[in-house]
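Examination of the molecular architecture
Now for the letters of each chain:
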Amino acid sequence: MDFLSRSLSLSRYVANRFRGYPSKRVLVLEGGGMRGIFLTGVLQAFQDRSYFPFELIIGSSAGALTGTAFAAEQICLARDAFFKELLSGQFIRMRNILRPEKHILNLDWMLNHIVMGEDPLNMKRLRRTACPVLITATSFSEHEEPRTIYLDTKKDDIPMALKATAAIPFFYRGFVHYKNYMLLDGGLLDPVPYEKALSVGYSEKDILVVLTRPRGYRKKRESFWVSTLYENYYKDTKYRHLLLSMHERFQMYNRLIDDLETCYPGIDVIYPPEDFAVNRLTRSEDKIVTGFEQGVDAAKAFLGIGSERPDE
């Protein structure tokens, strides 16, 4: 961080301590497609109350998009996207599920209409004064095990990073090509990247994780039909390690959450409520609005400010 960024971080830290809000240094955001509306509600409540003690944000997929908008002080971009653009039918195209040459997720449309639209993401702020955001992506190489890389809003191409982290295997055909990488969904190998924060030296008490699944959720093995779709699309032997990672993803995710809840008691976690009804591909406006409001309420509970609205 440069001198100006450190000064801004310190002033925010002092302001939040004065208000009695929790002091945190790292914000970790899970992905989950349309479940990201919960993250948006949480971050909207934080922004409305000028709660920004963070000096690093790490996000995967929808967590990266919302986290980047939050760092740029433009959470409205993510909020409006979930309420409008992402429900338009232009982003999710389920009719392409049996058309292997067509994307189910139209990520180029997402970039053109949300990230670089009429009110674009403020790239200058993200480069110069904003808190850095690490964006997870899965790097693929033929006949090798895939691995997670972390793209940095201070150094990397931000639109390409956001495209890569959202490129869900099968739903996005092929790979996102960036530098020497062939990239896919960051949530494939590191859906809740709190271990990255620990690995770079932050302590448990420094970290706040926001999940997009209720407390107690654990993944199940993919159904026979979903597994068959994956196996048919990635049938070439050069994809065998990638395919294995997809089949074993449920075990990796459950281990990650088990460890978060049992091995790292000092990490604070914000969960959606049990009745959170949004899934990865939800198209219901009512569910999206409710999910957003649940995020706002969860953030207020974390901040310990009761149920009052900002204008009350």
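Here's a quick rundown of the structure. Since this is a predicted model, take the numbers as computed values, not measurements.

**Points about the side chain of D190**
In this fold, D190 is placed in the loop between β6 (181–185) and α8 (194–199). Nearest to the buried, unbridged D190 among oppositely charged side chains is R255, at 7.2 Å. A polar contact is formed between the side chain of D190 and the side chain of Y150, at a distance of 2.5 Å. Contact partners of D190, with chain neighbours within four places excluded, come to S60, T136, T148, Y150 and L256.

**Here we look at the pairing of strand β2 (residues 56–59)**
The alternating pattern of β2 places L56 and I58 on one face and I57 and G59 on the opposite face, and all of these are buried. As paired strands, strand β1 (residues 26–29) and β2 are joined by four bridges and run parallel to one another. Residue V26 lies in a different strand from β2, and its bridge partner there is L56. Of the crossover connections in this fold, the one passing from β1 over helix α2 (residues 36–48) to the parallel β2 is right-handed. Of the pairings in the sheet, the one linking β2 to strand β3 (residues 133–139) comprises three bridges and is parallel in character. By the bridge assignment, G59 is partnered in β3 with I135.

**Some words on the pattern of salt bridges**
One side chain can pair with another of opposite charge once the charged atoms of both are near each other. Considering all chains together, one arrives at 13 salt bridges under this definition. K238 is paired through a salt bridge with E142; the nearest N and O atoms lie 3.7 Å apart. You can see K238 sitting in the loop between α9 (224–233) and α10 (240–247) and its partner E142 sitting in the loop between β3 and β4 (147–152), a full 96 residues away along the chain. Salt-bridge contacts for K179 lead to D156; the nearest nitrogen and oxygen are separated by 3.0 Å. Taken as a pair, K179 in the loop between β5 (176–178) and β6 and D156 in the loop between β4 and α7 (158–165) lie far apart in primary sequence, 23 residues in all. Residue class for K179 comes out exposed when judged on its relative accessible area of 61%.

Conventions and cut-offs
- Residues numbered from 1 in each chain as written.
- Predicted model: local features only at pLDDT ≥ 70, side-chain atom pairs only at ≥ 80, totals over all residues.
- Heavy atoms only, no water.
- Helix = DSSP H or I, 4+ residues; strand = E, 2+ residues; numbered from the N terminus.
- Buried < 20%, exposed > 50% of the residue type's maximum accessible area, 1.4 Å probe, protein only.
- Lys, Arg positive; Asp, Glu negative; His and termini not counted.
- Salt bridge = Lys/Arg side-chain N within 4 Å of Asp/Glu carboxyl O.
- Polar contact = N/O pair within 3.5 Å; in protein donor to acceptor, adjacent residues only side chain to side chain.
- Contact = heavy atoms within 4.5 Å.
- Pairing = 2+ DSSP bridges.
- Right-handed = clockwise from strand over helix to strand, strands pointing away.

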